[in-house]
Amino acid sequence: MDEREVKGGAVASEGAVGPEGCEQEELILREQAPLNLESRLENLETFITENNKFYVRNHFPVPGLELTSWKLRLEGSVERAVDLSYDELLQLPSRTVAFTMECAGNSRIFLHGAKGLQWATGALGTAQWTGVPLFEVLKLSGVNSDAVEVVFEGADSGIPVDEPSVKSAINFSRSLSIEEAMSPDVLLAYKMNGEPLSALHGFPLRLIVPGFYGMASVKWLQRIAVTNRRFHGFYQTVDYAFLNSEDADGARKPIKNLQVKSMLIHPRENESIVRDSRYRIYGAAWSAGEIAKVDFSCDEGESWQPAKLLGESLSNCWRFFEFDWAAPSQSGKCTLWTRATDAAGNCQPFEHDDNCGSYVINFVTPVHVNIE
Ligand SMILES: Nc1nc2c(c(=O)[nH]1)N[C@H]1C(S)=C(S)[C@@H](COP(=O)(O)O)O[C@H]1N2
Ligand SMILES: [Mo]
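Residues numbered from 1 in each chain as written. Chains lettered and ligands numbered in written order. Predicted model: local features only at pLDDT ≥ 70, side-chain atom pairs only at ≥ 80, totals over all residues. Heavy atoms only, no water.

Draft legend 1. Up close: the overall build of the protein. Helix and strand counts for the protein stand at 4 helices and 23 strands. Taking 2.2 N^0.38 as the reference for a compact globule, 372 residues should give roughly 21 Å; the C-alpha atoms of the protein span a radius of gyration of 21 Å, in line with that estimate. Buried residues in the protein amount to 54% of all 372 residues. Long-range pairs, those at least 24 residues apart, make up 69% of the contacts in the protein between residues at least 6 apart in sequence. A total of about 16,200 Å² of accessible surface is found on the protein, and carbon and sulfur atoms cover 48% of it. (Helix = DSSP H or I, 4+ residues; strand = E, 2+ residues; numbered from the N terminus. Rg over C-alpha atoms; globule rule 2.2 N^0.38 Å. Buried < 20%, exposed > 50% of the residue type's maximum accessible area, 1.4 Å probe, protein only. Contact = heavy atoms within 4.5 Å. Areas by Shrake-Rupley, 256 points an atom, 1.4 Å probe, with all protein chains shown as cover.)

Draft legend 2. Spotlight on the sheet that holds strand β23 (residues 367-371). The strand order across the open sheet built from 5 strands is β16-β23-β22-β18-β19, with neighbouring strands paired in mixed fashion. In the strand order of this sheet, the two ends are held by β16 (272-273) and β19 (305-306), each with one partner. Across 6 bridges, strand β18 (residues 291-297) lies against strand β22 (residues 332-342) in antiparallel orientation. Following the sheet pairing, valine 294 is matched in β22 by alanine 340. (Pairing = 2+ DSSP bridges.)

Draft legend 3. Layout of the site of ligand 1. Around ligand 1 sit 20 residues in total, of which Tyr55, Asp156, His201, Arg206 and Lys219 are the nearest. Within the side chain of arginine 206, a nitrogen or oxygen atom sits 2.7 Å from an oxygen atom of ligand 1. Contact with the protein chains hides 100% of the accessible area of ligand 1, taken as 530 Å² for the molecule alone. Structurally, ligand 1 is housed in the largest cavity. (Near = heavy atom within 4 Å. Polar contact = N/O pair within 3.5 Å; in protein donor to acceptor, adjacent residues only side chain to side chain. 1 Å grid on protein atoms, 1.4 Å probe; cavity = no way out; pocket = protein on both sides within 12 Å on 5 of 7 lines; lining within 4 Å. Sits in = over half its atoms within 2 Å of the grid points.)

Draft legend 4. Quick look at the pairing of strand β9 (residues 187-192). Burial runs high along β9: 5 of the 6 residues are buried. One ladder, built from 5 bridges, connects strand β6 (residues 124-133) with β9; its direction is antiparallel. In the sheet register, glycine 131 faces β9, and the bridge partner there is alanine 189. Sheet topology note: the β9/strand β11 (residues 206-208) ladder contains 3 bridges and is antiparallel. Within β11, the residue paired with leucine 187 across the bridge is isoleucine 208. Direction of pairing for β9 relative to strand β10 (residues 195-196): antiparallel, over a ladder of 2 bridges. From the neighbouring strand, methionine 192 faces β10, where its bridge partner is glutamate 195. Linkage of β9 to β10, two consecutive antiparallel strands, is achieved through a turn of 2 residues, within which asparagine 193 is found at a positive phi near 50 degrees.

The structure is reproduced here in structure tokens:
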């Protein structure tokens, strides 16, 4: 894997915000323009991922927004349109919610050559997000009885790469149904781990949708529109969309909920382990909801043993696990698997669902180690 370090001085594009001065050495550069950065596994060992070690997923250049000219516009199928300044938002009731955010394309390298950014397993992280519950802001505007969805528009725009169907610049936008939007966990967040959002993570305001893949958490929010019909935006029906083979209409549906998944943090791919030793297997598991169990196999699924879940269980957050492994007494290669099950009874599949294209990569993947 090509892991070029991100050093200061590289700028995404003119007028946009680059990684310089952001102390991004901790991250792996996956794309320079637009800037895409992956977290290092060794920085994902703790419950909270530090802000400067948290992956960055951008589709367009990072807009450099200034508070003096920025405001949030709330309009559409509402009783009254509302404009809110940053200071006005800070005055509204706030909440802090912990949430593990994973990019829907995380682990794409396991699809061997699939189109898109070649993420290994580090396009995820957990932060405490602070902001105004979206429903509080919708209360200010009122919502008409015909409202169906809420559309969130970011200030970033451009023409998506390799998409001849899109001829002119579009903004990054996604929608939620009215029911989803009313969840008290859905936040208009202005803080990440107690600090104001950085430019890379959506300053001054971003949406946070716990339990959904990252694409739902629109950064650099500038406009929220309540609509009386379904939104068919590019990042809703073309990209970040899937085919449901049970649906007769054949239309692509937006990818939404996080699917149950686990990853090993120790050992790493190709790590050497002393034969006959005890080794502490360590990893993380997450889902929309809570994790019920994680099983470990060192014989490609012939037999499974339960790992020990660590810490407390928090909804929509990862949970770490460990397993005290008796490494084989023979030297040679060994393949390690983990398989998580969530509280709703979903467990990780063994194969990728092709209806999801190069997204939702939650099947059981191997870590190969050398017993020496
Ligand atoms: N406006 C805007 N919001 C966005 C994106 C984007 O490109 N533009 N990327 C989305 C995707 S695909 C992910 S995974 C998350 C990543 O958030 P992060 O960069 O703070 O880690 O932001 C989402 N919100
Ligand atoms: Mo993403």
